[in-house]
Amino acid sequence: MATLTICSFNIEWMNDWFTSGTGPARFLREFTKDGHRNDTHITASRAAAVVRAVDPDILAIQEAPSRPEELDLFIRDDLSDSGSPRYKFFLGDSGAAQKLALLYKPGSVASAQLTPHAEIGTLIDPWLSDVNGDGVLDEYHFTRTPLVVNLALRDQAIQVIVVHTKSNFVNNGKSLWQNPSTRRDYVSAALKNRRRISSEAMRLRRYLDFRLERNAGDRIIVLGDLNDGPGLDYFEEHYLTHNVTDILVGSAFRPEWIFTHAQHDAGAAQRYTAIFDDFVTDEPGKRLLLDHVLLSPGLRSEGTRLRMRTGSGAVRHAEYEAQTENAGRHREDRPSDHRPVTVELEY
């Protein structure tokens, strides 16, 4: 029985590594992040070393560079063996400087093609949503349109959806929150961002329901950075009263359509992918599970030829920590600000 490793990795602002403009892609010698000048070669090498250590057959990247030439350069320079690139790739066409990418090993994937527009109009076309909380429905669309790719593994078909929802970051958020006279401004901005994330999750779930209604056995994997984790954060508990990831996983009223969350296989203490200081709840070094791998019911059914290997969901802390120095203080000291997540399929 063959095993396939699928990975999702948010590689923190890859676009910082490259010269701007058109023409041949080139790495910068150095780039500035948070006031510190970072060695580009060291930074890119750390990220590549994590990918090599995990060795996925299929790799979803969030915050990929803005041009295919740049991603191709990274693969040729850092993910090649004796001049032979390990991966072919697709790069999404939305997201400006933070695009979505899907890399795959040609030897592991029989064929790969972008899903036609006509089949994913729900994800591409705008929809009506009240993201401002003003009671008015306006047209809205994904901040980064999900990258949807149809793959064939031998004679088994699977659809992979790479996602990176709207960020919940607010400029000058800490100072706005800590000043009583501007706290309400911060709350309003934070809620607008979370409504956007929620609307994007709901729209993606609508697409998944449409697919499963046509064929409950469809094999679909959703993976990426949802900018949301399990449980309720401060704003979800006190204002929205719902969790975004729960929307995407599915409804208890249709249990046969609920997706499996692969990272639940990891122990509770290991179930995080990012560490940030939460100034709202005054929690320094808060551990958050922002990166997810979700599998459709068709990938966990007994007797199917292509299914999730039991217990294989993981957060790849060891591979990440092996490439981290100085507690990851500067960008060149860490492979990213997110740990990669993986799952294995059997077929």
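What counts, and at which threshold
Residues numbered from 1 in each chain as written. Predicted model: local features only at pLDDT ≥ 70, side-chain atom pairs only at ≥ 80, totals over all residues. Heavy atoms only, no water. Helix = DSSP H or I, 4+ residues; strand = E, 2+ residues; numbered from the N terminus. Rg over C-alpha atoms; globule rule 2.2 N^0.38 Å. Buried < 20%, exposed > 50% of the residue type's maximum accessible area, 1.4 Å probe, protein only. Contact = heavy atoms within 4.5 Å. Areas by Shrake-Rupley, 256 points an atom, 1.4 Å probe, with all protein chains shown as cover. Lys, Arg positive; Asp, Glu negative; His and termini not counted. Charge placed at Lys NZ, Arg CZ, Asp CG, Glu CD. Phe/Tyr/Trp six-rings, centres within 6.5 Å; stacked < 30°, edge-to-face > 60°. Lys NZ or Arg CZ within 6 Å of the ring centre and 35° of its normal. Expected span 1.5 Å × (residues − 1). Polar contact = N/O pair within 3.5 Å; in protein donor to acceptor, adjacent residues only side chain to side chain. Salt bridge = Lys/Arg side-chain N within 4 Å of Asp/Glu carboxyl O. Pairing = 2+ DSSP bridges.

Help me understand the overall build of the chain in this model?
A count of helices and strands for the chain gives eight helices and 21 strands. The C-alpha atoms of the chain give a radius of gyration of 20 Å, which matches the 20 Å a tight globule of 347 residues would have. Principal-axis analysis of the C-alpha atoms places the extent of the chain at approximately 60 × 55 × 40 Å. Expressed as a percentage of its 347 residues, the buried residues of the chain come to 53%. Across the chain, contacts joining residues at least 24 apart in sequence account for 71% of those joining residues at least 6 apart. With the model as given, the accessible surface of the chain reaches about 15800 Å², and the carbon-plus-sulfur share is 48%. Taken as two groups, the 41 positive and 49 negative side-chain charges of the chain have centres that lie 1 Å from each other.

Explanation requested: the packing of aromatic side chains in the structure shown.
Given two aromatic rings, their pairing is described by the distance between the two centres and the angle made by the two planes. For the structure on display, the rule yields 13 aromatic pairs. Their ring planes at 80° and their centres at 5.7 Å tell us that Trp 177 and Tyr 234 sit as a pair that is edge-to-face. Of this pair, Trp 177 sits in helix H4 (residues 173-178) while Tyr 234 sits in helix H6 (residues 234-240), placing them 57 residues apart in sequence. With relative accessibility at 6%, the residue Trp 177 sits in the buried group. Judged by relative accessible area, Tyr 234 falls into the partly exposed class, the value being 28%. Site record: aromatic cluster; members linked through ring pairs are Trp 177, Tyr 186, Tyr 234, Phe 235, Tyr 239 and Phe 279. Directly above the aromatic system of Trp 177 lies the positively charged group of Arg 183, at a separation of 3.9 Å from the ring centroid.

Would you mind showing me how to read helix H1 (residues 40-54) here?
Note that an α-helix has 3.6 residues per turn; residues three or four places apart therefore point the same way. The end-to-end C-alpha distance of H1, which contains 15 residues, comes to 22 Å, matching closely the 21 Å that a straight helix rising 1.5 Å per residue would cover. Regarding H1, the residues found buried are Thr 40, Thr 43, Ala 44, Arg 46, Ala 47, Ala 48, Val 50, Val 51 and Val 54. The opening residue of H1, the one whose side-chain oxygen lies 2.9 Å from the backbone nitrogen of His 41, is Asp 39. One or two steps after H1, the chain reaches Asp 55, where phi turns positive at roughly 55°.

Can you walk me through the pattern of salt bridges in this structure?
Think of it this way: side chains of opposite charge can pair up when their charged atoms draw near. For the structure on display, the rule yields 21 salt bridges. As a salt-bridge pair, Glu 344 and Arg 309 come within 2.6 Å of each other at their nearest N and O atoms. One end of the pair, Glu 344, is in strand S21 (residues 341-346); the other, Arg 309, is in the loop between strand S19 (307-308) and strand S20 (314-315), with 35 residues separating them in the sequence. A relative accessible area of 30% places Arg 309 in the partly exposed class. For Arg 339, the salt bridge goes to Glu 321, with nearest N and O atoms at 3.5 Å. Of this pair, Arg 339 sits in the loop between helix H8 (317-321) and S21 while Glu 321 is found in helix H8, placing the two residues 18 residues apart along the sequence. We classify Arg 339 as buried; its relative accessible area is 7%. A relative accessible area of 40% places Glu 321 in the partly exposed class. It is possible to trace a salt-bridge network through shared partners that takes in Arg 52, Asp 55, Asp 81, Arg 86 and Lys 105.

Whenever I open this one, the sheet that holds strand S14 (residues 220-225) confuses me. Can you help?
In a beta sheet, neighbouring strands are held together by backbone hydrogen bonds and run either parallel or antiparallel to one another. Overall, mixed pairing links the six strands, which are arranged S9-S12-S13-S14-S18-S15 in an open sheet. Looking at strand neighbours, the two that pair on one side only are strand S9 (111-114) and strand S15 (260-261), the edges of this open sheet. Sheet topology note: the S9/strand S12 (residues 147-153) ladder contains four bridges and is antiparallel. By the bridge assignment, Leu 114 is partnered in S12 with Val 149.

Keep in mind these numbers describe shape, not what the thing actually does.
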